[in-house]
Amino acid sequence: MVATFIGVRHHSPACARLVADTIAATGPAYVLVEGPVDLNDRLDELLLGHELPIAVFSSYRGDDRRHLSWAPFCAYSPEWVALTAGSAAGAEVRFIDLPAWHPAFAARTNRYADAEQRSADVVDRLCARFAVDNVDTLWDHLFEIAPPEGLAERLFAYFDLVRDEAEAGPEDRAREEYMAGWVRAAVAAAGDRPVVVVTGGFHRSALIRLSDAPSDGFPEVPGFPDGATGGSYLVPYSFQRLDAFDGYQSGMPSPEYYQQLWERGPNGAARHLTEVVTRRLRDQHQPVSTADLIAARVGAEGLATVRGHAYPARADILDGLAGALIKEALDGRLPWATRGTPQPGTHPVIVELVAALSGSRIGRLAEGTPLPPLCHSVDADLERHGLRVPSEPELDLTRLADRDRSRLLHRLRVLGVPGFERLHGPSAGVDPVLDERWRLTAHEHRLPALIEAGAYGATLEDAARAALREGVVSATGNVAVLGGVLFDAALCGIADLEGETLREIEAAIRQVPHLGPLGGVLAIVLALWRHDRLLGSAHSPQLGAVIVASVTRALWLAEGIRGATMPADPPRIAALVAVRDALLHAGEALDLDRAWALAVTGRLAADRDVPPDLRGAAFGLAWSVGADPGDPLLAVRGAFTPSTAGDWLAGLFALTREEVLRADGIIDLLDELLDGLGETDFLVALPPLRQAFAWFPPRERETIAQHLLTRRGLDEVSARSLLRMPSRGGGRPARRTARPAPRRGQPGRRPAQLGARHRGGRRDPAAPRPTGHARRPRSSRR
């Protein structure tokens, strides 16, 4: 008996009907389906009564690579219909494709990604021939909406044309040779009974040719290479993940539309889509009148007639709705005309149209479906630590029990499991925050995420460790990302990750080209080295080695920066803050070369070709570590030119806020220098000055303002009132939000008010003449 080969487009209702009709008509002995052959012993799991969509999730971890893959099924997937209809007909149902971990799938995360990219030329010619926009509209025109008579012949002609003009790669040929072995064996075993073969249409003609040979018996199921691990599990899937508009490579967009097409036919799908769009828009208080709906229906039917459709197709319905509901011109083409993902700024009606066609269905596994060990481990861990869902636990990290709870929750966060959100706690390793607050919710995607995270390990600690190590590899030398991974490891309580991560960081530090990112990782590592007694890494030699390498590289990079007119760069300044903190808090313990660091900063501070903010930061670094940088008043006066004063002061203030406030005369000198500026020079100097004084937190800016008022004999005036935001009109004060004062080395929010001689570009003659160094009255300048 010759096999019946059905080439399909994955997730096509028309192909699914053809599969069901063929199985019903032939009563086959075998139904062979493109799918992972290693799941054949567990096909009964697929028939437990799940709510679709679901997917077969496969993972592989070996010395050569790590691979994750999904094979999704919905009610109208031809492969799913082949499984269910074949089982109901009493046939032997078998998957016949290579396992998902096989090298033939190394470039795919989706088994059922269609071969359309390989057949772009022929598809483009067919689109031009039938005057349609893209392959989706072409498919609907030829198969989904077309009369069912002659469907098989049209499908076979289409796929033969595609295969004749597309190049099959070695991966495709390996899969086809393996699948053909199953076909030959099934035909031989079936005797006189039929065999039905359901595969992607791209493979059909090759399988027909390769199957015309004697059978060598059923092929062996490939096993994992030595040392590799992995497995396959069923996982709930969603229509959003299945949608081509969301980036899925299935070849079929708008899964909710095709679900309705499968269940109700074209007219029912059109009515349902219109109802859903109307309800969604009205729920968002968008006007949709009866006249609009009539216009949309008439427009869709008219377009269907013009385009030669017996019933309105998907594009006809969408175009009709868009024409009736969108009243203004659009900047670009519609997403269903280009098969593109809707971009930011897309018209809200278009967003709702795409969302309505995508649908919100989420699959559900049947009771008793096998789950990976991680799912059971997480449930046991949550119960053992008394973490209920839903809840909002508050944790004291100084208590051992709460610290264990925190580590468990951070491991779930690192694995990307939804429903575990931290609301408050330590950030970036620089805060002395010893408490956390979390929000635990019963998220609908929690189980799928846990099943997929099971590919990392059987326990939460092992899975989080593997995920963090993967983050190290994927960072590819990005020290900012690597520093974040190290801090996550600390929060997760995974100390044995430290050595590998730190080696990656040290190697990246030797290559990092920019000062700013290096300062970020130095701040994190230094904080962990100083304070992380919760993890036990305080004063660890590995962290110390990273600090030494970071300080050395930072100073080397700083000395190579040139550009006398470059504006202030806060990350660059923050890097010098981190170097200062390393010298202050770790210099003696790590034997940092303090003399060399001061020599470098001395050269930077004196070099006029160095950016002003870096010169000011270099001067401030020497001052803040207790060295003798010279006379600060003389340095301020020498650096004070209208175009660069603010940038120089930004670097100085970032490293020496406390020293500046304690020193005699600096604030007075700045007040005098600003007062002596002409109007044009003041306007030039003002923006960078605002940035410079933003390094002072509100409390310190209030201290500066009070000092200025005292100089003028205006003690009765509130310093705090000078720092308030101006009114916004109508006499209402601007709304202000209280923020905590930044720590040393971090910018505040608003500048101090210095040398405020002008208001709106004119003198304020109303204020009394003060005494002391100030020569004329001053009003608040912002």
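All of these numbers come straight from a predicted model, not from anything done at the bench.

Conventions used here
Residues numbered from 1 in each chain as written. Predicted model: local features only at pLDDT ≥ 70, side-chain atom pairs only at ≥ 80, totals over all residues. Heavy atoms only, no water. Helix = DSSP H or I, 4+ residues; strand = E, 2+ residues; numbered from the N terminus. Buried < 20%, exposed > 50% of the residue type's maximum accessible area, 1.4 Å probe, protein only. Contact = heavy atoms within 4.5 Å. Pairing = 2+ DSSP bridges. Axes fitted to C-alpha atoms, helices over the stretch in contact; angles between N-to-C directions. Left-handed = near helix turned anticlockwise from the far one by under 90°. Nonpolar A, V, L, I, M, F, W, Y, C, P; charged D, E, K, R; others polar. Parallel < 35°, antiparallel > 145°, perpendicular 65-115°, else oblique. Expected span 1.5 Å × (residues − 1). Salt bridge = Lys/Arg side-chain N within 4 Å of Asp/Glu carboxyl O. Core = buried A, V, L, I, M, F, W, Y, C linked by side-chain atoms within 4.5 Å.

Attention now moves to the overall build of the protein chain. Secondary structure summary: the protein chain contains 31 helices and 12 strands in total. Classification of the 782 residues of the protein chain by burial places 54% in the buried group. Considering only contacts in the protein chain between residues 6 or more positions apart, those separated by 24 or more positions represent 75%.

It is worth spelling out the sheet that holds strand β3 (residues 54-61) at this point. Strands sit in the order β4-β3-β7 across an open sheet of three strands; the sheet is antiparallel. Among the strands making up the open sheet, the edge pair consists of β4 (66-73) and β7 (229-236). Across the sheet, the mean angle from the axis of one strand to that of its neighbour is 15°, orientation sign disregarded. Sitting on the sheet, helix α17 (residues 446-453) is in contact with β3, β4 and β7, with an inclination near 170° to β7.

Following L52, the chain continues to P53 via a peptide bond in cis, the omega torsion being 10°. Its place among the elements puts P53 in the loop between α2 (43-46) and β3. Here the bond from V389 into P390 is cis, since omega is 5°, no more than 30 degrees from zero. Residue H11 is not a glycine yet carries a positive backbone phi of 65°.

Spatially, four strands are ordered β1-β6-β2-β5 in an open sheet, and the strand pairing comes out parallel. At either end of the open sheet lies a strand with only one pairing partner, and these are β1 (4-8) and β5 (92-97). Strand-to-strand, the axes of this sheet are offset by a mean angle of 25°, without reference to chain direction. As judged from the five bridges shared by β1 and strand β6 (residues 195-200), these two strands associate in the parallel manner. Paired with T4 across the strands is V196, a residue of β6.

The contact between helix α10 (residues 255-283) and helix α14 (residues 348-358) brings their axes to 9 Å, and the two run at 145°. Between α10 and α14 lies a crossing whose hand is right-handed. Residue-level contacts link P255, E256, Y257, L273, V276, V277, R280 and L281 of α10 to V349, E352, L353, A355, A356, L357 and S358 of α14. When its residues are assigned to classes, the contact of α10 with α14 shows 11 nonpolar, one polar and three charged.

The geometry of helix α28 (residues 666-675) relative to helix α30 (residues 698-711) is characterised by a closest axis approach of 11 Å and an angle of 70° between their N-to-C directions. By the angle between their directions, the pair α28 and α30 is classed as roughly perpendicular. Note on packing geometry: the crossing formed by α28 with α30 is right-handed. Here I667, D668 and D671 of α28 lie close against α30, whose contacting residues are I704, H707, L708 and R711. For the contact of α28 with α30, a count of residues per class yields three nonpolar, one polar and three charged.

Quick look at helix α7 (residues 170-190) now. Under the 1.5 Å per step criterion, the end-to-end length of α7 is 30 Å for 21 residues, consistent within 8% with the ideal 30 Å. Immediately downstream of α7, the backbone of G191 shows phi near 65°, a positive value.

Looking now at the environment of P567. With respect to the secondary-structure elements, P567 resides in the loop between α22 (541-559) and α23 (570-590). A sequence separation of 76 residues divides P567 from S643, and the C-alpha atoms of the two residues are 9.7 Å apart.

Next up on the list: the pattern of salt bridges. Under the defined criterion, the tally for this structure stands at 39 salt bridges. A salt bridge links E352 to R280; the nearest nitrogen and oxygen atoms lie 2.7 Å apart. Within this pair, whereas E352 is found in helix α14, its partner R280 is found in helix α10, the two being separated by 72 residues in sequence. On the basis of relative accessibility, which here comes to 7%, the residue E352 falls in the buried class. The class for R280 is partly exposed, based on a relative accessible area of 31%. Residue D402 pairs with R399 through a salt bridge whose shortest N-O separation is 3.0 Å. Its relative accessible area of 6% is what places D402 among the buried residues. Overall, the relative accessible area of 43% leaves R399 in the partly exposed class. Residues joined in a network through salt bridges with shared partners are E34, D97, D172 and R175.

A word on the nonpolar core. Core analysis: the biggest nonpolar cluster contains 203 residues, and L46, Y158, L412 and F653 have the highest contact counts within it. Per element, the largest residue contribution to this core is 10 residues, and it comes from α23. Residue contacts for L412: discarding those within four places in its chain leaves V378, L382, V417, F420, L450 and L460. Ranked by size, the runner-up nonpolar core spans 20 residues in total, among them A3, Y178, V183 and V195.

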